[in-house]
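These are the residues of each chain, in order.
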Amino acid sequence: MQIELTINDKAVKWEVANDEFLADTLRSHGFLSVKKACDTSCCGLCTVWMDGKSMLSCSVLSLRAHGKKITTIEGLPKEAEEFAQILSAEGAEQCGFCSPGFIMSVLAMKNELVNPTEEEIIHYLTGNLCRCTGYMGQLRAIKIYLGVA
């Protein structure tokens, strides 16, 4: 089946299978920042935005993206770089495998929450797993980025 969508501000038409998940479709079209690691929709590595809202692309059929605007980290280079620099400066960047999904969630949080508390930040990021860090460096970086440190 053919779907039409906007990916990182570029209109595209893609052929997809009826049972194909958006994460697989995106990866097959070169958006390699979108990853799958858990097969249970709980790791956050596949996070993208659909019409500006953060979502897990491993749990959404590609057909649902028809007519939608999809944003990956490749479509937000300036914003992603800004936060990544802070993340690195706080010693919170490790192997980088989870970084694209994590950064997409943090950028979405910045758009959705105003002056969040530490508890709200932690709640928002529930489901973004990182096996390298203890999360404290990430939390410091997020607070600095959001201006709530």
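Quantities reported herein were computed from a predicted structural model and do not represent experimental measurements.

About the criteria used
Residues numbered from 1 in each chain as written. Predicted model: local features only at pLDDT ≥ 70, side-chain atom pairs only at ≥ 80, totals over all residues. Heavy atoms only, no water. Salt bridge = Lys/Arg side-chain N within 4 Å of Asp/Glu carboxyl O. Helix = DSSP H or I, 4+ residues; strand = E, 2+ residues; numbered from the N terminus. Buried < 20%, exposed > 50% of the residue type's maximum accessible area, 1.4 Å probe, protein only. Contact = heavy atoms within 4.5 Å. Polar contact = N/O pair within 3.5 Å; in protein donor to acceptor, adjacent residues only side chain to side chain.

Draft legend 1. Main features of the pattern of salt bridges. Applying the stated criterion to the full structure yields five salt bridges. Residue Arg140 pairs with Glu90 through a salt bridge whose shortest N-O separation is 2.9 Å. Taken together, the residues Arg140 in helix α5 (residues 136–146) and Glu90 in the loop between α2 (77–89) and α3 (99–112) connect sequence positions 50 residues apart. Under the relative-accessibility criterion, Arg140 is labelled partly exposed at 42%. Measuring nitrogen to oxygen at the nearest pair gives 2.4 Å for the salt bridge that ties Lys143 to Glu118. A residue pair is termed long-range when its members are at least 10 positions apart, and Lys143 in helix α5 and Glu118 in helix α4 (residues 118–124) qualify at 25 residues. Looking at Glu118, the relative accessible area reads 32%, which means it is partly exposed.

Draft legend 2. Up close: the environment of Thr47. Position of Thr47 among the secondary structure elements: in strand β3 (residues 47–50). When the C-alpha positions of Thr47 and Ile73 are compared, they lie 9.1 Å apart, and in sequence the two are 26 residues distant. Leaving out residues up to four positions away in the same chain, Thr47 has contacts with Ser54, Met55, Leu56, Gly101, Met104, Ser105 and Asn128. A polar contact is formed between the side chain of Thr47 and the backbone oxygen of Gly44, at a distance of 2.7 Å.

Note that all results are geometric; they support no functional claim without further evidence.
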